[in-house]
Structures are given as structure tokens and as C-alpha cells.
Amino acid sequence: MASTQYKHYHDKEYDPCILFETYLGTDMDASKNQLIEYPIKSLRDILSSGLVKGETLIELSVTSFMHMLVAADYFDNIIMLHSCESDEQEAQKWLNKEPEAIDHSHLTTFVCGLKGECTTCEEHEEKTRRAVKQVVRWDITKENPLGDVVLPQADCVLSCAYLDIVSKDHEMYLKLLKQISSLVKIGGHLIMIGALNQTYYMLGQHKFSSLTYDEEFLRKALAKNGFIIERFGKEKSRHNSGLCDYEYLTYSVSQKEREA
């Protein structure tokens, strides 16, 4: 359960630029690198294996285009959902190549290095921009988070640390997961990347809550929403800076067999 003494994602102190610079920026030590390398390598391994296929991917994450830099090699139609105005604004700045946009070039360099191709970072970022067709508000304060927007069910939904950060308790996590599940077509896939047994993360001087859950909770939540886990992995934390306290980074690839 989230501690009431902690800040929360929807509080005004949340700043996506600080979040990016703290955990994904260029000033990284060996332990922080895990937060870049594990999600990128895991996602690339999943998509390059051919296990997850299709044309349309819906993405729910916070702050970074890191995962889109990988997904753009496999999906031509990407829809990004954001739950707060600041995250949405930062996404639009990067897509529009505005001068004050968050610089993802070091992440692009890492992604391009894994590809083993001659694509330049600039070319790959342009490819990613072309793949992102929509940025849509996902307002979790509403019963229908999409409001009047109607989206087709996707071949794949990708969520990285999203539910960990936005969920205030397990009940909210399960409610949001059910809503996210409705975005996936039958036979499609849900890819989730997150942190097990994390209680907080720091943004500047503020301590923010992260929902604490374990592998058993995650597996049961996916099964309850009509998913069969096809691939699962986790890696012990190497993060020793005191900025956050996750025990494992984890990913799951689940196929939707039925509507919840």
C-alpha cells in the first residue's frame, strides 16, 4: 500500500523532466544503467523473436520515448497514452522536435547499437516520430479513461512501470489493468515491464510512492483479466543509489485469450 506521507504521480511536484534526468539521463553509474539496459534489451528480445506481431501498438508509460525507439522497428502504427498533462506535453515536444524537448540521443545511440545496422541516430528518431500516429489523454479519474476518443483494439499494448507509479493501491491497479486489457484484441499481447517490491522513488527532494506488489500478485492479476503468460523474466536490482528500492526489474509477455 502507498504511504500517505509520500507524494504521488498526480501531485503537482511530479516533473517528467526530473524523472527522466534522475533515472534515464546521461549522468549514469553502473547501477542506474540497469534501468536503461534491462527494459530496452528485454523489449528488443521480445519483439525480434516474432512472438509479438501486428501493425498497431498502444503504449502507456511515463516520460520517456525509450520504449518507442525499440517498438518503431516492429510497429508502423503507435498510439501513446498519457495520464497527466506534463507527460503529454513532453511527448509532443519531442515529436515536434522543439528545442526544449528532452534529449533522448544517448538512448537512441544504445538502441541503434543493438540493431547492428548503419542507421544513424537521427534517422532512427525520425522513424520513431513517423510511427507515432497519435498522443491521447488517458484520464484515469474517469470511468472511461479515453473519454470521447475511440481507438481500435491493438495487436499489442506495452506498459512500462506505468501501473507501478500511477496506482495508489492494489484495487486501483486491478481496475486500471482491466481497462488496459480492453485495449488488446483477442489473440493480441500485453507486454508489461515493471519493478517488483518497490515502495518509493525520489524526484529531487520529494519521495514518491510506488505500488508494492510481488510476482504472485502480477501473475494472478493477468490471469484474472484473460491473459496467458507466454514469457516472463526478472533481474535482481543493481540499483544502489538510494533513489528507489525495487527488488527486481521484471517483464511479462501475455496473450489475451478472453475478455475480462
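Residues numbered from 1 in each chain as written. Predicted model: local features only at pLDDT ≥ 70, side-chain atom pairs only at ≥ 80, totals over all residues. Heavy atoms only, no water.

Engineer: Mind showing me how you'd approach helix α8 (residues 170-181) here?
Structural biologist: Each α-helix winds once per 3.6 residues, and so residues spaced three or four apart point in a common direction. With 12 residues, α8 extends 16 Å between its outermost C-alpha atoms, agreeing within 8% with the 16 Å of an ideal straight helix rising 1.5 Å per residue. All of the buried residues along α8 are Tyr173, Leu176, Leu177, Gln179, Ile180 and Ser181. Two to three positions downstream of the cap, the backbone nitrogen of glutamate 171 sits 3.3 Å from a side-chain oxygen, assigning the N-cap of α8 to aspartate 169. (Helix = DSSP H or I, 4+ residues; strand = E, 2+ residues; numbered from the N terminus. Expected span 1.5 Å × (residues − 1). Buried < 20%, exposed > 50% of the residue type's maximum accessible area, 1.4 Å probe, protein only. Polar contact = N/O pair within 3.5 Å; in protein donor to acceptor, adjacent residues only side chain to side chain.)

Engineer: Teacher, can you tell me more about the environment of lysine 256 here?
Structural biologist: Examined against the element boundaries, lysine 256 turns out to sit in strand β9 (residues 248-256). Through-space distance from the C-alpha of lysine 256 to that of aspartate 103 is 35 Å; in sequence the pair is 153 residues apart. Within the structure, the side chain of lysine 256 is placed 2.8 Å from the backbone oxygen of serine 181, a separation counted as a polar contact. At 2.8 Å, the side chain of lysine 256 and the side chain of glutamate 259 are in polar contact.

Engineer: Please clarify how the side chain of glutamate 59 should be interpreted in this entry.
Structural biologist: Counting through the fold element by element, glutamate 59 comes out in strand β1 (residues 56-61). Buried and unpaired, glutamate 59 has no salt bridge, with arginine 137 as the nearest side chain of opposite charge at 13 Å. Residues contacting glutamate 59, with those up to four places away along its chain left out, are Ser64, His67, Met68, Ile79, Met80, Leu81 and Leu158. (Lys, Arg positive; Asp, Glu negative; His and termini not counted. Salt bridge = Lys/Arg side-chain N within 4 Å of Asp/Glu carboxyl O. Contact = heavy atoms within 4.5 Å.)

Engineer: What's the story with the sheet that holds β1 in this structure? I'm lost.
Structural biologist: Backbone hydrogen bonds hold the strands of a sheet together, and the pairing may be parallel or antiparallel. Pairing within the open sheet is mixed, and its 7 strands lie in the order β3-β2-β1-β4-β5-β9-β8. The open sheet is flanked by β3 (132-137) and β8 (227-236), the only strands paired with a single partner. Across the sheet, the mean angle from the axis of one strand to that of its neighbour is 15 degrees, orientation sign disregarded. Here 5 bridges tie β1 to strand β4 (residues 154-160), and the two strands are oriented parallel to one another. Residue pairing in the sheet places serine 61 in a bridge with cysteine 160 of β4. Here helix α6 (residues 121-131) sits on the sheet in contact with β2 (77-82) and β3, set at roughly 60 degrees to β3. Here helix α9 (residues 215-224) sits on the sheet in contact with β5 (184-196), β8 and β9, set at roughly 160 degrees to β8. (Pairing = 2+ DSSP bridges. Axes fitted to C-alpha atoms, helices over the stretch in contact; angles between N-to-C directions.)

Engineer: Teacher, can you tell me more about empty space enclosed by the protein here?
Structural biologist: Rolled over the atoms, a probe sized like a water molecule indicates the empty space that remains. The tally for this structure, following the rule as stated, stands at 2 cavities of 30 Å³ or more. Space inside the largest cavity adds up to approximately 410 Å³. Taken together, 24 residues form the lining of the largest cavity, with Tyr23, Leu35, Cys160, Ala161 and Ile165 sitting closest to its centre. Contributing elements (two or more residues each) for the lining of the largest cavity: α1 (16-24), α2 (34-48), α3 (66-71), α7 (162-166) and β5. Counting residues per element, the lining of the largest cavity draws most heavily on α1, which supplies 4 residues. Among the residues making up the lining of the largest cavity, the classes are represented as 17 nonpolar, 6 polar and 1 charged. Its boundaries defined by the atoms lining it, the second largest cavity holds a volume of some 60 Å³. Ser159, Ala161, Tyr162, Leu163, Asp164, Met192, Ile193, Gly194, Tyr213, Leu218 and Thr250 are the residues that line the second largest cavity. Split by residue class, the lining of the second largest cavity holds 7 nonpolar, 3 polar and 1 charged. (1 Å grid on protein atoms, 1.4 Å probe; cavity = no way out; pocket = protein on both sides within 12 Å on 5 of 7 lines; lining within 4 Å. Points joined across faces, edges and corners; volume = space filled by probe spheres on them. Nonpolar A, V, L, I, M, F, W, Y, C, P; charged D, E, K, R; others polar.)

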